[in-house]
Amino acid sequence: MHTIINWIKEFLILYLILTIIMQLAAAEQYKKYLRFLSGIILLVVLIRPALRLSGKEGDEIARSYEKFWDQMESFSKEAGSLKMQQNGYERQLYEDAVAANLTAQAQEQGILISQIQVTLTDDYKLQSVTVWLDAVYRQQYSSADKQMRTFLKEACDLNETQIFIY
(Lines give C-alpha, C1' and ligand atoms only; values in the text may rest on other atoms or scores of the structure.)
Protein backbone atom coordinates (compact mmCIF):
# COMPACT_ATOMS: atom_id res chain seq x y z
CA MET A 1 0.00 0.00 0.00
CA HIS A 2 2.86 2.33 0.86
CA THR A 3 4.34 1.77 -2.64
CA ILE A 4 1.07 2.70 -4.34
CA ILE A 5 0.76 5.91 -2.29
CA ASN A 6 4.36 6.89 -3.15
CA TRP A 7 3.68 6.19 -6.81
CA ILE A 8 0.54 8.37 -6.76
CA LYS A 9 2.45 11.17 -4.96
CA GLU A 10 5.24 10.96 -7.50
CA PHE A 11 2.77 11.08 -10.38
CA LEU A 12 0.84 14.05 -8.93
CA ILE A 13 3.99 16.04 -8.14
CA LEU A 14 5.32 15.44 -11.64
CA TYR A 15 1.94 16.36 -13.14
CA LEU A 16 1.89 19.66 -11.18
CA ILE A 17 5.44 20.51 -12.21
CA LEU A 18 4.69 19.80 -15.87
CA THR A 19 1.48 21.86 -15.66
CA ILE A 20 3.38 24.82 -14.21
CA ILE A 21 6.00 24.55 -16.93
CA MET A 22 3.25 24.47 -19.55
CA GLN A 23 1.71 27.66 -18.14
CA LEU A 24 5.06 29.43 -18.00
CA ALA A 25 6.00 28.57 -21.58
CA ALA A 26 6.79 31.87 -23.25
CA ALA A 27 5.80 31.12 -26.82
CA GLU A 28 2.62 29.44 -27.94
CA GLN A 29 4.52 27.57 -30.63
CA TYR A 30 6.50 25.62 -27.99
CA LYS A 31 3.46 24.55 -25.97
CA LYS A 32 2.56 21.71 -28.34
CA TYR A 33 6.05 20.26 -27.95
CA LEU A 34 5.90 20.63 -24.19
CA ARG A 35 2.50 18.90 -24.13
CA PHE A 36 3.87 16.03 -26.17
CA LEU A 37 6.97 15.68 -23.99
CA SER A 38 5.00 15.90 -20.76
CA GLY A 39 2.57 13.27 -22.08
CA ILE A 40 5.44 10.88 -22.74
CA ILE A 41 6.95 11.54 -19.30
CA LEU A 42 3.63 10.95 -17.58
CA LEU A 43 3.07 7.79 -19.59
CA VAL A 44 6.45 6.43 -18.54
CA VAL A 45 5.68 7.22 -14.89
CA LEU A 46 2.33 5.44 -15.19
CA ILE A 47 3.83 2.35 -16.79
CA ARG A 48 6.83 2.00 -14.43
CA PRO A 49 4.98 0.00 -11.72
CA ALA A 50 3.78 -2.53 -14.28
CA LEU A 51 7.30 -2.87 -15.65
CA ARG A 52 8.67 -3.35 -12.14
CA LEU A 53 6.19 -6.14 -11.48
CA SER A 54 7.19 -7.94 -14.66
CA GLY A 55 10.86 -7.53 -13.72
CA LYS A 56 11.74 -6.27 -17.20
CA GLU A 57 12.13 -2.58 -16.50
CA GLY A 58 15.77 -2.55 -15.46
CA ASP A 59 17.01 -5.01 -18.05
CA GLU A 60 15.06 -3.59 -20.98
CA ILE A 61 15.88 0.02 -20.19
CA ALA A 62 19.56 -0.78 -19.64
CA ARG A 63 19.77 -2.70 -22.93
CA SER A 64 17.95 0.05 -24.81
CA TYR A 65 20.17 2.69 -23.25
CA GLU A 66 23.37 0.82 -24.16
CA LYS A 67 22.11 0.12 -27.67
CA PHE A 68 21.22 3.78 -28.17
CA TRP A 69 24.67 4.99 -27.07
CA ASP A 70 26.43 2.34 -29.15
CA GLN A 71 24.50 3.50 -32.19
CA MET A 72 25.28 7.14 -31.39
CA GLU A 73 28.97 6.34 -31.06
CA SER A 74 28.93 4.42 -34.34
CA PHE A 75 27.12 7.27 -36.05
CA SER A 76 29.61 9.77 -34.63
CA LYS A 77 32.56 7.73 -35.93
CA GLU A 78 30.97 7.43 -39.38
CA ALA A 79 30.27 11.16 -39.49
CA GLY A 80 33.87 11.89 -38.53
CA SER A 81 35.13 9.50 -41.20
CA LEU A 82 32.94 11.12 -43.84
CA LYS A 83 34.16 14.55 -42.80
CA MET A 84 37.78 13.44 -43.12
CA GLN A 85 37.09 11.96 -46.57
CA GLN A 86 35.35 15.15 -47.65
CA ASN A 87 38.24 17.28 -46.40
CA GLY A 88 40.74 15.04 -48.20
CA TYR A 89 38.75 15.29 -51.43
CA GLU A 90 38.49 19.08 -51.13
CA ARG A 91 42.22 19.37 -50.40
CA GLN A 92 43.04 17.21 -53.44
CA LEU A 93 40.87 19.41 -55.67
CA TYR A 94 42.55 22.52 -54.31
CA GLU A 95 46.01 20.99 -54.78
CA ASP A 96 45.14 20.15 -58.39
CA ALA A 97 43.88 23.68 -59.02
CA VAL A 98 47.04 25.22 -57.54
CA ALA A 99 49.18 22.86 -59.66
CA ALA A 100 47.30 23.83 -62.82
CA ASN A 101 47.69 27.51 -61.97
CA LEU A 102 51.44 27.14 -61.35
CA THR A 103 51.82 25.22 -64.61
CA ALA A 104 50.09 28.01 -66.54
CA GLN A 105 52.21 30.70 -64.84
CA ALA A 106 55.42 28.75 -65.53
CA GLN A 107 54.49 28.36 -69.20
CA GLU A 108 53.95 32.14 -69.40
CA GLN A 109 57.53 32.50 -68.13
CA GLY A 110 58.73 30.08 -70.82
CA ILE A 111 59.33 27.15 -68.46
CA LEU A 112 58.12 23.80 -69.77
CA ILE A 113 56.79 21.39 -67.15
CA SER A 114 55.92 17.70 -67.61
CA GLN A 115 54.19 17.34 -64.28
CA ILE A 116 53.74 19.27 -61.06
CA GLN A 117 52.55 18.09 -57.68
CA VAL A 118 51.49 20.43 -54.88
CA THR A 119 51.15 19.42 -51.23
CA LEU A 120 49.12 21.54 -48.83
CA THR A 121 49.02 21.71 -45.05
CA ASP A 122 45.82 21.15 -43.07
CA ASP A 123 45.10 24.88 -43.24
CA TYR A 124 45.56 24.88 -47.04
CA LYS A 125 48.95 26.56 -47.16
CA LEU A 126 51.65 25.37 -49.55
CA GLN A 127 53.80 22.76 -47.87
CA SER A 128 55.86 21.66 -50.87
CA VAL A 129 55.97 21.71 -54.65
CA THR A 130 57.44 18.91 -56.72
CA VAL A 131 58.15 19.66 -60.37
CA TRP A 132 59.18 17.40 -63.23
CA LEU A 133 60.61 19.60 -65.96
CA ASP A 134 60.25 18.68 -69.60
CA ALA A 135 63.30 16.53 -70.51
CA VAL A 136 64.02 18.32 -73.78
CA TYR A 137 63.64 21.75 -72.16
CA ARG A 138 65.95 20.71 -69.32
CA GLN A 139 68.64 19.51 -71.75
CA GLN A 140 68.44 22.68 -73.84
CA TYR A 141 68.60 25.03 -70.86
CA SER A 142 71.18 24.20 -68.21
CA SER A 143 69.70 26.87 -65.94
CA ALA A 144 66.18 25.38 -66.09
CA ASP A 145 66.34 24.11 -62.50
CA LYS A 146 67.54 27.47 -61.21
CA GLN A 147 64.89 29.33 -63.24
CA MET A 148 62.15 27.07 -61.84
CA ARG A 149 63.39 27.47 -58.25
CA THR A 150 63.47 31.23 -58.62
CA PHE A 151 59.97 31.23 -60.09
CA LEU A 152 58.56 29.09 -57.24
CA LYS A 153 60.30 31.16 -54.56
CA GLU A 154 58.84 34.37 -55.96
CA ALA A 155 55.38 33.10 -56.95
CA CYS A 156 54.68 30.93 -53.90
CA ASP A 157 57.00 32.35 -51.25
CA LEU A 158 58.67 28.97 -50.76
CA ASN A 159 62.12 28.15 -49.44
CA GLU A 160 64.65 25.63 -50.79
CA THR A 161 63.46 22.80 -48.54
CA GLN A 162 59.94 23.03 -49.96
CA ILE A 163 60.93 22.79 -53.62
CA PHE A 164 61.77 19.52 -55.38
CA ILE A 165 62.75 19.58 -59.05
CA TYR A 166 63.35 16.50 -61.20
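Note that the structure is predicted; figures quoted are calculated from it, not measured. (Residues numbered from 1 in each chain as written. Predicted model: local features only at pLDDT ≥ 70, side-chain atom pairs only at ≥ 80, totals over all residues. Heavy atoms only, no water.)

## Let's talk about the nonpolar core
- Formed by 21 residues in total, the largest nonpolar core has its most connected members in L102, I111, I113, V131, L133, M148 and L152.
- Of all the secondary-structure elements, those providing two or more residues to this core are α3 (57–108), β1 (113–120), β2 (126–133), α5 (144–156) and β3 (163–165).
- Not counting residues within four places of it along the chain, the set of residues in contact with I113 comprises T103, A106, V131, W132, L133, D134 and M148. (Core = buried A, V, L, I, M, F, W, Y, C linked by side-chain atoms within 4.5 Å. Buried < 20%, exposed > 50% of the residue type's maximum accessible area, 1.4 Å probe, protein only. Helix = DSSP H or I, 4+ residues; strand = E, 2+ residues; numbered from the N terminus. Contact = heavy atoms within 4.5 Å.)

## Quick look at the sheet that holds β1
- The mixed open sheet is built from three strands, whose spatial order is β1-β2-β3. Across the chains shown, the open sheet's two edge strands, defined by having one partner strand only, are β1 and β3. The average angle at which neighbouring strand axes cross in this sheet is 10°, direction not considered.
- In this sheet, β3 lies alongside β2 in parallel orientation, the contact comprising three bridges. Bridge pairing in β3 links T130 to F164. (Pairing = 2+ DSSP bridges. Axes fitted to C-alpha atoms, helices over the stretch in contact; angles between N-to-C directions.)

## Some remarks on the pairing of β2
- Relative to β2, β1 is paired through seven bridges, and the arrangement is antiparallel. When the sheet's bridge partners are listed, I113 is paired in β2 with L133.
- As consecutive antiparallel partners, β1 and β2 are separated by five residues, and within that stretch Y124 has a phi angle of approximately 65°, a positive value.

## Comments concerning the environment of I163
- Summarising the element assignment, I163 is placed in strand β3.
- I163 sits in the buried class, given a relative accessible area of 3%.
- When the C-alpha atoms of I163 and K146 are compared, they prove to be 11 Å apart, with 17 residues separating the residues in sequence.
- With residues near it in sequence (within four places) discarded, I163 still touches V129, R149, L152, K153 and L158.

## A word on α5
- With 13 residues, α5 should cover 18 Å at 1.5 Å per step; its first-to-last C-alpha distance of 18 Å lies within 8% of that length.
- In the stretch just after α5, D157 is the one whose phi turns positive, near 60°. (Expected span 1.5 Å × (residues − 1).)

## Some remarks on the environment of N87
- The residue N87 is located in helix α3 in this model.
- Relative accessible area serves as the criterion here: at 28%, N87 is assigned to the partly exposed category.
- When the C-alpha positions of N87 and V98 are compared, they lie 16 Å apart, and in sequence the two are 11 residues distant.

## Quick look at a nonpolar patch on the surface
- Taken together, the side chains of M1, I4, I5, I8 and L12 make up a nonpolar region of the molecular surface, amounting to roughly 500 Å² of accessible area.
- One can find M1 in the segment before α1 (2–24).
- Residue class for M1 comes out exposed when judged on its relative accessible area of 73%. (Patch = residues over 30% accessible without salt bridge, like charges linked within 9 Å, V, L, I, M, F, W, Y side chains within 5 Å. Areas by Shrake-Rupley, 256 points an atom, 1.4 Å probe, with all protein chains shown as cover. Salt bridge = Lys/Arg side-chain N within 4 Å of Asp/Glu carboxyl O.)

## As for unusual backbone geometry
- Of note, the phi angle at Y124 is positive, near 65°, even though the residue is not glycine.
- Within the secondary structure layout, Y124 lies in the loop between β1 and β2.
- Not every positive phi belongs to a glycine, and D157 is a case in point at roughly 60°.
- One can find D157 in the loop between α5 and β3.

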